Amino acid sequence: MKEHLEWCRTFLDKECVLRCPKDKKLLIGPHGALFSCHFYLPIATLNQEFNYRLGLLFWDYFAERFKKQPFQICGCESGGVPLVSTFLAAAWELGIEVNGFMVKKEA
């Protein structure tokens, strides 16, 4: 699993962190604040290999807890859809029966 973790860390660092020169803050945050870097997760969650590895890492960490006390997996808004799908697909591959669902912030 260590290989999967390092691969995911490297992918996130190289592909999902948008950086400006260190002395400049050119990226605008949601409330107008300026930043020198921005984390953009959809690049990772739409990558097949990242999702495969992330699903394995998730269940490596949570499988024993799930066996002791089963839980459901919930995603919030559109950002949660690929993550829940990743965790459910990995569970299916590993023979784990788990429910997943989505919620919205507002109706």
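Preceding this paragraph is the structure being described.
Just so we're clear, the structure is a prediction, and the values are computed from it rather than from any experiment.

Chemist: Give a description of the pairing of strand 6 (residues 100-103) that names residues and reports values.
Modeler: The pairing of strand 5 (residues 73-76) with strand 6 spans four bridges and is parallel. Counted as the bridge partner of Cys74 is Phe101 from strand 6. Between strand 5 and its parallel partner strand 6, the chain crosses via helix 4 (residues 77-94), and the hand of that crossover is right-handed.

Chemist: Any details on the packing of helix 3 (residues 48-68) against helix 4? Residues and values, ideally.
Modeler: Helix-helix packing is characterised by the crossing angle of the two axes and by the distance between the axes. Axis separation between helix 3 and helix 4 bottoms out at 8 Å; the angle between their running directions is 70°. By the angle between their directions, the pair helix 3 and helix 4 is classed as roughly perpendicular. For the element pair helix 3 and helix 4, the recorded crossing hand is right-handed. Residues Asn51, Tyr52, Leu54, Gly55, Leu56, Phe58 and Trp59 of helix 3 form the contact with helix 4, whose participating residues are Leu83, Thr86, Phe87, Ala90, Ala91, Glu93 and Leu94. For the contact of helix 3 with helix 4, a count of residues per class yields 10 nonpolar, three polar and one charged.

Chemist: Describe helix 4, listing the residues and the values that go with them.
Modeler: The terminal C-alpha atoms of helix 4 lie 26 Å apart, and with 18 residues this matches the ideal 26 Å at 1.5 Å per residue to within 8%. Turning to helix 4, its buried residues number three or more, namely Gly80, Pro82, Val84, Thr86, Phe87, Ala90 and Ala91. Summarising the contacts, the buried residues of helix 4 are in contact with helix 2 (42-45), helix 3, strand 5 and strand 6. At the C-terminal side of helix 4, Gly95 shows a positive phi close to 80°.

About the cut-offs
- Residues numbered from 1 in each chain as written.
- Predicted model: local features only at pLDDT ≥ 70, side-chain atom pairs only at ≥ 80, totals over all residues.
- Heavy atoms only, no water.
- Pairing = 2+ DSSP bridges.
- Helix = DSSP H or I, 4+ residues; strand = E, 2+ residues; numbered from the N terminus.
- Right-handed = clockwise from strand over helix to strand, strands pointing away.
- Axes fitted to C-alpha atoms, helices over the stretch in contact; angles between N-to-C directions.
- Parallel < 35°, antiparallel > 145°, perpendicular 65-115°, else oblique.
- Left-handed = near helix turned anticlockwise from the far one by under 90°.
- Contact = heavy atoms within 4.5 Å.
- Nonpolar A, V, L, I, M, F, W, Y, C, P; charged D, E, K, R; others polar.
- Expected span 1.5 Å × (residues − 1).
- Buried < 20%, exposed > 50% of the residue type's maximum accessible area, 1.4 Å probe, protein only.

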